[in-house]
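The primary structure of each chain is shown beneath.
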Amino acid sequence: MKKDSRLSSVLHALLHMIGHGEPMTSEKLAECMDTNPVVVRRTMGLLRKAGIVTSARGHSGGWRIRADLESVTLRDLHHVLGEPAIFAIGNRNETPECLVEQAVNAALGEAFRETEALLLERFANVTLADLVVDLGRRHAAWRKRKG
């Protein structure tokens, strides 16, 4: 099963937008993310609908962060993306008649639910502002190494 990397991609785009400081076109974001501008527009459209970004047309147009960085969490972004499956693994058969498979499903299902709840709780406690701070630390360490 292919991994859903949209949350990672959205965060990548948003951090580029924050760092850029002025509107960024879909083409420029696509270049930063090594993807197609159509993919960027589709994803940014979801974020615009949620009030996280805004866009303007024209010569100085592009995408811009609209929301307060302290208020947007990873959980919010996961929700905007349609709450994609957290795990690429799952039960072989969701409604088995076999008692062995029922026992396996019960054990795995409980573990999946607990783990997903823990991850979503963590997502709710990480904001875009937290990522900006971490990026700043990484950039300062990189500059120090480059000397």
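Residues numbered from 1 in each chain as written. Predicted model: local features only at pLDDT ≥ 70, side-chain atom pairs only at ≥ 80, totals over all residues. Heavy atoms only, no water.

Naming follows an unreviewed UniProt entry, where the chain appears as Transcriptional regulator of Afipia felis ATCC 53690.

Caption draft 1: Geometry of the pattern of salt bridges. Under the definition given, this model contains 7 salt bridges. Here E83 makes a salt bridge to R75, at a shortest N to O gap of 3.2 Å. With its nearest N and O atoms 3.7 Å apart, the salt bridge here joins D134 to R137. Taken together, the positions of D134 and R137, both in helix α6 (residues 128-146) and 3 residues apart, correspond to about one turn of that helix. Each member of the salt-bridge network shares a partner with another, and the members are D134, R137 and R138. (Salt bridge = Lys/Arg side-chain N within 4 Å of Asp/Glu carboxyl O. Helix = DSSP H or I, 4+ residues; strand = E, 2+ residues; numbered from the N terminus.)

Caption draft 2: The arrangement of the side chain of T127 in detail. For T127, the position within the fold is in the loop between α5 (99-124) and α6. Setting aside chain neighbours within four positions, we find T127 in contact with L69, E70, V72 and T73. (Contact = heavy atoms within 4.5 Å.)

Caption draft 3: Examining the environment of V40 more closely. Summarising the element assignment, V40 is placed in helix α3 (residues 37-49). Note on V40: relative accessible area 3%, which makes it buried. Considering only alpha carbons, one finds V40 and A50, 10 residues apart in sequence, at a separation of 15 Å. Setting aside residues up to four positions removed in sequence, V40 forms contacts with S26, L29, A30 and T35. (Buried < 20%, exposed > 50% of the residue type's maximum accessible area, 1.4 Å probe, protein only.)

Caption draft 4: Summary view of helix α2 (residues 26-33). Turning to α2, its buried residues number three or more, namely S26, L29, A30 and M33. Buried residues of α2, seen end-on, are gathered within an arc of 100° and therefore sit on one face of the element. Considering only its buried residues, α2 is in contact with α1 (6-20), α3 and β2 (62-65). Two residues or fewer past α2, D34 is found with a positive phi of approximately 55°. (Arc of directions from axis to C-beta.)

Caption draft 5: Geometry of the nonpolar core. By size, the foremost hydrophobic cluster in this structure holds 28 residues, and its most contacted members are L14, M17, M44, L47, V53 and L77. Of all the elements in the fold, those that place two or more residues in this core are α1, α2, α3, β2, α4 (74-80), α5 and α6. Here this core gets 7 residues from one element, more than from any other, and that element is α1. If we skip the residues at most four places from it in the chain, M44 touches A13, M17, V53 and W63. (Core = buried A, V, L, I, M, F, W, Y, C linked by side-chain atoms within 4.5 Å.)

Caption draft 6: The arrangement of the side chain of N91 in detail. Relative to the assigned elements, N91 resides in the loop between α4 and α5. A relative accessible area of 18% places N91 in the buried class. N91 has contacts with N105, L108 and F112, leaving out every residue within four places of it along the chain.

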